[in-house]
Amino acid sequence: VQLQASGGGLVQAGGSLRVSCVASGRTFSGYAVAWFRQAPGKEREFVAVSRRAGDNNYYADSVKGRFTISRDSAKNTVYLQMNSLKPEDTAIYYCAAGRTIISSTMHVPDAYHYWGQGTQVTVSS
């Protein structure tokens, strides 16, 4: 599976942005798809995961209530809608996919086999 992330940009605090992750080569069917982010000088951190199609999504506490992950199976795309953005949300956002993601590993980057190239999100204060 090849993943292509896009949609990042510069936004003011309080604003919204939607990033997208398109899969090629295979569909997302049967894969858990997650978003991670990495800020300068920090480790990559879990943001959200769609375990499979349907209402089976989980979020980091830091984004819960502000971010929403969703799938469009027809477009083979996973979205991350980000609202009420804060300067601390500034990071490179990566999408990742994996087949054998369980509750105890969904936060772990090494559990995912496929990664997109990342898209920069910058939130100004």
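For the structure, check the block above.
Rules and cut-offs
- Residues numbered from 1 in each chain as written.
- Predicted model: local features only at pLDDT ≥ 70, side-chain atom pairs only at ≥ 80, totals over all residues.
- Heavy atoms only, no water.
- Helix = DSSP H or I, 4+ residues; strand = E, 2+ residues; numbered from the N terminus.
- Buried < 20%, exposed > 50% of the residue type's maximum accessible area, 1.4 Å probe, protein only.
- Disulfide = S-S within 2.5 Å.

**Focus on unusual backbone geometry**
Only a minority of non-glycine residues have a phi that is not negative, and only a minority of peptide bonds are not trans.
Right, on to step 1. Backbone geometry at Asn76 places phi at a positive 50°, although glycine is not the residue there.
Right, on to step 2. Its place among the elements puts Asn76 in the loop between β7 (67-72) and β8 (77-82).
Right, on to step 3. In this structure, Ser84 takes a positive phi of about 50° despite not being glycine.
Right, on to step 4. On the secondary structure map, Ser84 appears in the loop between β8 and β9 (91-98).
Right, on to step 5. The class for Ser84 is partly exposed, based on a relative accessible area of 41%.

**Some words on the state of the cysteines**
Right, on to step 1. A complete count under the given rule lists one disulfide for this structure.
Right, on to step 2. Across a sulfur-sulfur distance of 2.1 Å, Cys21 and Cys95 are joined as a disulfide pair. The disulfide joining Cys21 to Cys95 has a torsion of about 70° about its S-S bond and is therefore right-handed. Here Cys95 lies in strand β9 and Cys21 lies in strand β3 (residues 17-24), a separation of 74 residues in the sequence.
Right, on to step 3. Its relative accessible area of 0% is what places Cys21 among the buried residues.
Right, on to step 4. Judged by relative accessible area, which is 0%, Cys95 ranks as buried.

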